[in-house]
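As a plain string of letters, each chain reads:
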Amino acid sequence: MERAPKPGRDVPPKKDKPQAKRKKPRRYWEEDTAPTTARASPGPPRNKKRNQELRPQRPKTTHNLKKSRISKKPQVPKKLRKRKNPEPQRSLSGAQDPFPGPAPVPVEVVQKFCRIDKSKKLPHSKSKTRNRLQVAEAEEKETSVKAALSELLLAEEPGFLEGEDGEDTAKILQADIVEAVDIASAAKHFDLNLRQFGPYRLNYSRTGRHLAFGGRRGHVAALDWVTKRLMCEINVMEAVRDIRFLHSEPLLAVAQNRWLHIYDNQGIELHCIRRCDRVTRLEFLPFHFLLATASETGFLTYLDVSVGKIVAALNARAGRLDVMTQNPYNAVIHLGHSNGTVSLWSPAMKEPLAKILCHRGGVRAVAVDSTGTYMATSGLDHQLKIFDLRGTFQPMSARTLPQGAGHLAFSQRGLLVAGMGDVVNIWAGQGKAGPPSLAQPYLTHRLSGPVHGLQFCPFEDVLGVGHSGGITSMLVPGAAEPNFDGLESNPYRSRKQRQEWEVKALLEKVPAELICLDPRALAEVDVISLEQEKKERIERLGYDPEAKTPFQPKPKQKGRSSTASRVKRKRKVMDEEHRDKVRQSLEQQQQHKQKKAKPSGAWPSALDRFVR
């Protein structure tokens with residue numbers, strides 16, 4: 001029998017199988033450093049042959065360098081190679097775009113939405129400030145381009161009234177206009193016969209949807225004039241001198257014979273403000289929540305309706321105040337006086353911001369357009385003047401009227417209306433940017449009684465006139481802006497939207513102290529105050545903390561930081577600074593000489609020898 005060989009004699013013993021190296025566990029923050037093979041691939045095991053067929057084999061390298069866990073260089077994706085002849089971009093249907101690229105935007109339309117004045121730049125601005133300004137300008141440019149592109153969605157266009165060849169538009173009657181327009185526009189022309197309680201003062205809400213009017217004999221009413229739905233109607237049993245909507249249509253301010261009263265849209269009296277007595281005129285500043293009142297005693301009072309406190313009570317020292325209007329651009333109050341002057345007031349100042357001598361007699365009416373550029377005044381001298389409010393306060397045009405205008409008003413697109421007795425004249429200009437032309441009236445209408453109040457309806461080509469016979473609603477084509485901002489003044493908003501808008505408006509309320517002639521000055525830097533604060537800080541500390549520190553050379557390697565080399569480097573820096581100062585002074589001297597130099601071609605004078 002054959003025996004199995006014992007290990008250690010004839011047959012060598014079997015070698016133990018080499019133990020596979022234990023794989024080091026990989027953390028989630030570590031990169032996968034092992035080469036991608038079938039054995040080292042993460043996830044469940046797959047078939048070896050299938051992996052070899054699907055994945056291409058990488059050539060084995062003899063020298064595998066270990067990668068560091070944290071790569072020193074950032075991984076940048078490789079740039080795609082540009083094709084020599086790129087194919088035009090096609091849509092899903094395969095059709096080629098005939099107008100590739102972004103839509104072109106006219107430069108004039110973009111400039112209309114620009115708000116940053118790039119002509120004024122801060123001198124010697126720091127790099128950080130300069131970068132912030134560049135980012136703000138880039139954002140403002142992008143926003144203006146988007147606004148210009150979205151203007152295509154505004155489908156409504158302003159109306160106009162154009163006569164035939166040689167026809168005067170002032171001879172066109174309201175009945176002819178009503179026959180020519182559609183049914184919805186024709187319903188906006190109506191007459192309210194209220195002779196028993198007249199004459200009337202009226203006011204439209206900011207959205208242009210509601211109308212409030214008050215008669216001299218105590219009749220107060222508010223209604224939705226589009227649908228003719230009456231909101232409230234009361235008789236206060238006292239003379240009503242003026243009436244105004246507050247920030248929204250549910251609140252109404254009425255200047256009665258004795259005190260100022262606040263009512264809601266149901267006719268319920270909410271407040272009686274006795275500190276505002278003998279009020280003749282009312283104006284509401286919507287962005288400041290201020291109700292301005294002018295009284296017989298000569299006081300101009302500002303009432304904050306959001307907190308119910310009087311912000312300022314200013315004595316105009318000009319007698320009875322019965323001519324008042326506001327500038328919608330900067331919220332400055334304009335007061336007309338019996339000595340022919342118009343004074344401009346702000347609650348932050350106890351003295352008028354400016355005084356303009358407008359007429360030789362007393363001022364009867366004042367109106368300011370929506371851009372705050374032009375002011376129209378009429379006086380007892382039968383003069384109608386238009387002034388430029390952009391710093392010069394000089395009259396631009398004037399016209400003598402056969403009968404002095406007692407009431408003036410501007411529309412949203414720059415039309416000017418004047419009430420002279422029982423006649424209403426309207427002048428039109430070259431759009432919203434230019435002043436109205438007083439050469440020839442645009443429209444003329446005769447009423448059943450003398451005019452007592454005028455106002456254009458916002459976002460509607462309608463003029464509301466209050467007279468001794470009641471209320472008249474006239475159609476004036478091209479008077480209002482055709483498109484409204486749905487987030488600011490939406491005539492179709494619901495109660496919930498109005499409440500949300502009211503909360504946002506209160507959060508964005510502008511303080512009364514910021515009312516000034518030029519609101520753009522609030523965004524500028526007050527250089528004089530900064531210099532004064534800097535001087536006071538230097539005097540308090542005894543040194544200038546922002547002064548440039550003298551140059552101190554950094555220590556270098558051994559043997560190169562000797563005293564002589566450090567002094568040499570200091571002197572080199574000082575020489576460079578001195579050269580820069582000398583170069584700047586020479587440039588300033590050359591500019592000064594060029595300014596003083598005579599124009600070329602001038603004849604020499606005998607006095608030139610004394611010129612140094």
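Residues numbered from 1 in each chain as written. Predicted model: local features only at pLDDT ≥ 70, side-chain atom pairs only at ≥ 80, totals over all residues. Heavy atoms only, no water.

An unreviewed UniProt entry annotates the protein as WD repeat-containing protein 46 of Propithecus coquereli. Heading Subcellular location (unreviewed entry) of the UniProt record for the protein holds this comment: "Nucleus, Nucleolus". (UniProt positions renumbered as here; feature names shortened; annotations may be inferred.)

Draft legend 1. Quick peek at the overall build of the protein. Of regular secondary structure, the protein possesses 8 helices and 28 strands. Each of the 612 residues in the protein was classed as buried or not, and the buried ones make up 34%. Long-range pairs, those at least 24 residues apart, make up 46% of the contacts in the protein between residues at least 6 apart in sequence. Of the roughly 43,400 Å² that the protein leaves accessible, carbon and sulfur atoms contribute 53%. (Helix = DSSP H or I, 4+ residues; strand = E, 2+ residues; numbered from the N terminus. Buried < 20%, exposed > 50% of the residue type's maximum accessible area, 1.4 Å probe, protein only. Contact = heavy atoms within 4.5 Å. Areas by Shrake-Rupley, 256 points an atom, 1.4 Å probe, with all protein chains shown as cover.)

Draft legend 2. Summary view of the sheet that holds strand S17 (residues 354-357). Strand order in the open sheet formed by 4 strands is S14-S15-S16-S17, and the pairing between neighbours is antiparallel. The open sheet has two free edges, formed respectively by strand S14 (324-326) and S17, since each of these has just one partner strand. Going from strand to strand, the sheet's axes swing by 20 degrees on average, the running direction of each strand aside. (Pairing = 2+ DSSP bridges. Axes fitted to C-alpha atoms, helices over the stretch in contact; angles between N-to-C directions.)

Draft legend 3. Representation of the sheet that holds strand S10 (residues 279-285) within the structure. Strand order across the open sheet formed by 4 strands is S10-S11-S12-S13, with antiparallel pairing between neighbours. Of all strands in the sheet, those with a lone pairing partner are S10 and strand S13 (309-315), marking the two edges. Between one strand and the next, the sheet's axes are offset by a mean angle of 20 degrees, whatever the strand orientation.

Draft legend 4. The arrangement of the environment of Leu416 in detail. Considering the arrangement of structural elements, one finds Leu416 in strand S23 (residues 416-420). On the basis of relative accessible area, Leu416 is assigned to the buried category, the value being 0%. On a C-alpha basis, the gap between Leu416 and Ala367 in space is 8.8 Å, while along the polypeptide they are 49 residues apart. Ignoring any residue separated from it by four or fewer positions in sequence, one finds Leu416 in contact with Ala376, Leu384, Ile386, Ala409, Phe410, Asn425, Ile426, Trp427, Pro436 and Leu438.

Draft legend 5. Representation of a negative patch on the surface in the model. Together, Glu164, Asp165, Glu167, Asp176 and Glu179 make up a region of like negative charge exposed at the surface. Counting through the fold element by element, Glu167 comes out in the loop between helix H3 (127-150) and helix H4 (174-180). (Patch = residues over 30% accessible without salt bridge, like charges linked within 9 Å, V, L, I, M, F, W, Y side chains within 5 Å. Salt bridge = Lys/Arg side-chain N within 4 Å of Asp/Glu carboxyl O. Lys, Arg positive; Asp, Glu negative; His and termini not counted. Charge placed at Lys NZ, Arg CZ, Asp CG, Glu CD.)

Draft legend 6. The arrangement of the UniProt feature "repeat: WD" (unreviewed entry) in the protein in detail. According to UniProt, the positions carrying the feature "repeat: WD" (unreviewed entry) are residues 356-390. When the span residues 356-390 is considered, its composition is 0% helix and 57% strand, and the gap between its end C-alpha atoms is 13 Å.

Draft legend 7. Local environment of the environment of Ile273. Inspection of the secondary structure puts Ile273 in strand S9 (residues 269-277). Judged by relative accessible area, Ile273 falls into the buried class, the value being 16%. With 30 residues separating them along the chain, Ile273 and Leu303 place their C-alpha atoms 9.6 Å apart. Those residues within four positions of Ile273 in sequence are excluded, and the remaining contacts are Trp259, Leu260, Ile262 and Leu303.

Draft legend 8. Up close: the packing of aromatic side chains. Tallied over the entire structure, the rule returns 4 aromatic pairs. An angle of 75 degrees between the planes, with centres 6.1 Å apart, marks the rings of Tyr204 and Trp225 as edge-to-face. Taken together, the residues Tyr204 in strand S2 (residues 200-204) and Trp225 in the loop between strand S4 (219-224) and strand S5 (229-235) connect sequence positions 21 residues apart. Through a chain of ring-to-ring contacts, the aromatic side chains of Phe459, Phe484 and Tyr492 assemble into a single cluster. A cation sits over an aromatic face here: Arg493 above Trp501, 4.9 Å from the ring centre. (Phe/Tyr/Trp six-rings, centres within 6.5 Å; stacked < 30°, edge-to-face > 60°. Lys NZ or Arg CZ within 6 Å of the ring centre and 35° of its normal.)

Draft legend 9. Quick look at helix H6 (residues 495-507). The terminal C-alpha atoms of H6 lie 19 Å apart, and with 13 residues this matches the ideal 18 Å at 1.5 Å per residue to within 8%. Within the span of H6, buried status applies to Arg498, Trp501 and Ala505. Within H6, the buried residues cover an arc of 65 degrees as seen down the axis, which keeps them to one side. Seen from the open side of H6, the exposed residues pointing more than 90 degrees away from its buried face are Lys496, Lys504 and Leu507. (Expected span 1.5 Å × (residues − 1). Arc of directions from axis to C-beta.)

Draft legend 10. Expanded view of the environment of Arg446. Relative to the elements of secondary structure, Arg446 occurs in strand S25 (residues 443-446). In this structure Arg446 comes out as exposed when scored by relative accessible area, which is 58%. If near-sequence neighbours (up to four positions away) are discounted, Arg446 is found in contact with Asp422 and Val423. Among the polar contacts listed, one links the side chain of Arg446 to the side chain of Asp422, at a separation of 3.4 Å. (Polar contact = N/O pair within 3.5 Å; in protein donor to acceptor, adjacent residues only side chain to side chain.)

Draft legend 11. Here's a closer look at the pattern of salt bridges. Following the criterion strictly, the structure yields 19 salt bridges and no others. Note that Arg206 and Glu488 form a salt bridge whose closest N and O atoms lie 3.4 Å from each other. Highlighted residues: Arg206 in the loop between S2 and strand S3 (210-215) and Glu488 in the loop between strand S28 (470-475) and H6, separated in sequence by 282 residues. Overall, Arg206 belongs to the partly exposed group, its relative accessible area being 28%. Assessed through its relative accessible area of 28%, Glu488 is described here as partly exposed. Linking Arg390 and Asp388 is a salt bridge whose minimum nitrogen-to-oxygen distance equals 2.9 Å. The exposure class assigned to Arg390 is exposed, which follows from its relative accessible area of 54%. Exposure remark for Asp388: the relative accessible area of 12% places this residue in the buried category.

Draft legend 12. Local environment of the pairing of strand S11 (residues 290-295). Across the 6 residues that make up S11, a large majority, 6, are buried. Along S11, one buried face is formed by Leu290, Ala292 and Ala294 and the opposite face, lined by Leu291, Thr293 and Ser295, is buried too. Once S10 ends, the chain turns through 4 residues before running back antiparallel as S11, passing Phe289 with a positive phi of about 55 degrees. Direction of pairing for S11 relative to strand S12 (residues 299-304): antiparallel, over a ladder of 5 bridges. From the neighbouring strand, Ala294 faces S12, where its bridge partner is Leu300.

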